[in-house]
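# Residue-level structural notes
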Amino acid sequence: MNRRNFIQILLLAVFIGGISLLHYFTPLHRPMLHDIYQRLYHLPIILAAFWFGLRGGLGCALAVSLLYIPHLLLQWGTNLPMDLERYLEILLYNVVGGVTGLLSEREERQRKILEESNLTLQSQAETIVRIEDELRRAERLSTLGELSAVVAHEIRNPLGSIQGTAEILQDDYQPGDKKYEFIQILLKESARLNRVVEEFLRLARPRPTAMTDCHLMEELRAVAILAKIEAKNRQITLELPKGELPHIKGDGEKLRQAFLNILLNALHATPRGGKVTVAAEVFESDGADGISLTFDDTGSGISEAVKERMFEPFYTTKDGGTGLGLSVTRRIIEAHGGSIAVESKEGEGTSIQVLLPLMRKGMEAA
Amino acid sequence: MKNATILAVDDNADCLQVVLQACEMFGAFIRSASSGEEALYLLEGDQFSLLLTDLEMPGMDGLQLASQAKAIHPELRIVMMTGNLPPEKEPLLSKAGIDGVMEKPFTLQKLKKILGFEE
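Now for a look at the structure at hand. Everything numeric in this text was worked out from a predicted model, so none of it was measured. (Residues numbered from 1 in each chain as written. Chains lettered and ligands numbered in written order. Predicted model: local features only at pLDDT ≥ 70, side-chain atom pairs only at ≥ 80, totals over all residues. Heavy atoms only, no water.)

### A look at the overall build of chain B
Threshold: Each helix is a run of H or I in the DSSP string that is no shorter than four residues. Each strand is a run of E no shorter than two, and both are numbered from the N terminus. Type-normalised accessible area, obtained with a 1.4 Å probe on protein chains alone, sets the label of each residue: buried when under 20%, exposed when over 50%, and partly exposed for intermediate values. Values of accessible area rely on a 1.4 Å probe in the Shrake-Rupley scheme; residue burial ignores everything except the protein chains shown.
On a plain count of helices and strands, chain B comes out with five helices and five strands. In sequence order, the secondary structure elements of chain B are arranged as β-α-β-α-β-α-β-α-β-α. The burial tally for chain B puts 53% of its 119 residues in the buried class. Entry remark: accessible area of chain B is about 5500 Å², with carbon and sulfur atoms responsible for 50%.

So, in structure tokens, the structure goes:
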């Protein structure tokens with residue numbers, strides 16, 4: 001019994017007990033008062049019916065009847081014309097208790113049905129919004145797929161000529177020569193352009209994911225070696241999970257790319273002296289065991305507006321960013337049957353959580 | 001390999017020019033064609049040790065050229081240069097008898113290595 005029910009029952013008991021005491025202790029030569037008490041009994045019965053339905057209404061009416069009958073029999077004696085009205089009142093208590101209880105139960109049932117249909121409607125509306133979002137994403141990606149062929153051909157071919165020409169010219173100059181430096185600029189910038197194109201292609205037409213037995217902790221360590229250099233340059237402490245993690249079915253190379261993207265973002269968002277922590281946890285719930293990886297930083301945090309768009313292709317807040325890193329990352333995680341979520345407080349830091357499903361027993365055997 | 005003749009094929013004149021110039025720097029003998037058809041004509045007349053061809057070309061593309069070239073000279077090494085290699089085309093490469101792929105943009109170092117001129 002919860003606290004609310006207890007108070008309700010206590011209130012009913014006090015109410016009925018009080019009226020009964022008034023009946024027993026009020027002298028019989030004040031019949032008007034007794035008439036009032038007699039009617040007052042209806043209040044707890046109706047309340048009980050409202051609160052506890054049919055059972056409450058009838059139970060309360062029965063309790064009232066049991067308390068009231070001795071008063072009639074012992075104190076009033078047998079004065080039939082007067083008593084008949086009082087006995088009928090007892091019948092009325094039970095009728096009122098039953099009918100009010102039935103009605104309130106019916107109302108409660110309807111309220112529940114309404115509530116349920118409201119919930120169904122709400123979840124249907126959410127599904128529609130989600131599907132719309134997915135459709136929009138799919139549409140963007142299919143446009144990306146078509147674009148990718150054009151980008152690959154029309155940009156990489158001339159890039160090849162530019163880079164080759166620069167390399168041929170470079171041969172005629174010595175390092176330190178002004179023109180040699182200019183040629184270096186050409187080479188550096190065409191390499192940068194090529195990186196953008198490559199990231200774009202990776203997003204637009206991902207290589208099919210090759211799922212094999214994947215040692216998650218090894219992949220994390222491999223990524224950490226690269227990330228530690230960046231962390232050291234920025235004087236940021238990088239903390240990794242200790243111990244081992246179970247294997248999963250996955251594409252190690254792609255996961256490394258995803259983890260590196262998340263880690264570099266965290267490092268870039270964190271000021272000097274800050275800290276980036278990676279934590280791992282195996283969670284078990286029936287039928288959906290998995291590994292949760294959390295990447296926490298003590299950076300500047302992300303605003304709600306950025307949070308909504310940060311996984312969109314080409315959305316970036318970084319100078320010189322391609323806006324493809326996180327959208328590729330999400331694709332990789334989702335291709336592994338996982339999910340990625342962001343929590344952030346402006347000024348306090350950001351936490352990226354990656355959930356990856358664990359290899360099931362059956363899958364391990366396969 | 002040093003005295004072997006290379007045939008470079010690309011519809012893009014600039015790309016072809018760069019490859020020609022680079023090969024001359026390496027000291028390779030090289031001839032060029034601007035289409036698959038022209039390349040086949042040259043292959044029928046002369047002996048080449050390596051065919052360096054673009055993938056996407058108007059008319060006969062790199063894949064068609066490769067399989068026809070292999071039919072004429074089964075021992076010919078073929079390297080594909082391409083800026084656009086969709087994943088679905090990858091399995092077709094070995095089927096057409098292609099020995100190597102260079103994705104554009106490539107460094108001259110890589111070209112040198114694939115041509116076998118690296119010291």
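### A few points about the sheet that holds strand E6 (residues 339-345) of chain A
Across a sheet, paired strands are connected by hydrogen bonds in the backbone, their directions being either parallel or antiparallel. Residues and elements named next belong to chain A. Test applied: Only strands joined by at least two bridges in the DSSP assignment are considered to pair. Here an axis means a line fitted to C-alpha atoms, over the contact stretch when the element is a helix, while the angle between two N-to-C directions is reported on a 0 to 180 degree scale. Between two residues, a contact is recorded if the distance between any of their heavy atoms is within 4.5 Å.
If you walk across this open sheet you meet the five strands as E2-E4-E5-E7-E6, and the pairing is mixed. Sheet topology places strand E2 (237-239) and E6 at the edges, where each strand pairs with a single neighbour. Across the sheet, the mean angle from the axis of one strand to that of its neighbour is 15°, orientation sign disregarded. As paired elements, strand E5 (residues 290-297) and strand E7 (residues 349-357) share eight bridges and run antiparallel to each other. Each residue of the ladder has a partner; that of Gly290, found in E7, is Pro357. On the sheet, helix H7 (residues 252-269) packs against E2, strand E4 (275-283), E5, E6 and E7 and is oriented at approximately 25° with respect to E5. Along the sheet face, helix H9 (residues 325-335) touches E6 and E7 and points at about 135° away from the line of E6.

### Some remarks on the interface of chain A and chain B
Rules: Buried area is a sum: the accessible area each of two parts loses on coming together, probed at 1.4 Å, counted once for each and added. Just to be clear on terms, a salt bridge is a Lys or Arg side-chain nitrogen sitting within 4 Å of an Asp or Glu carboxyl oxygen. Classification used: nonpolar for Ala, Val, Leu, Ile, Met, Phe, Trp, Tyr, Cys and Pro, charged for Asp, Glu, Lys and Arg, polar for all others including Gly.
Facing the 16 residues of chain A at the interface are 20 residues of chain B. Taking both sides of the interface into account, the surface hidden between chain A and chain B amounts to around 1500 Å²; carbon and sulfur atoms contribute 58%. Run the count over chain A and chain B and you get one salt bridge. Among the residues forming the side of chain A that touches chain B, the class breakdown is four nonpolar, eight polar and four charged.

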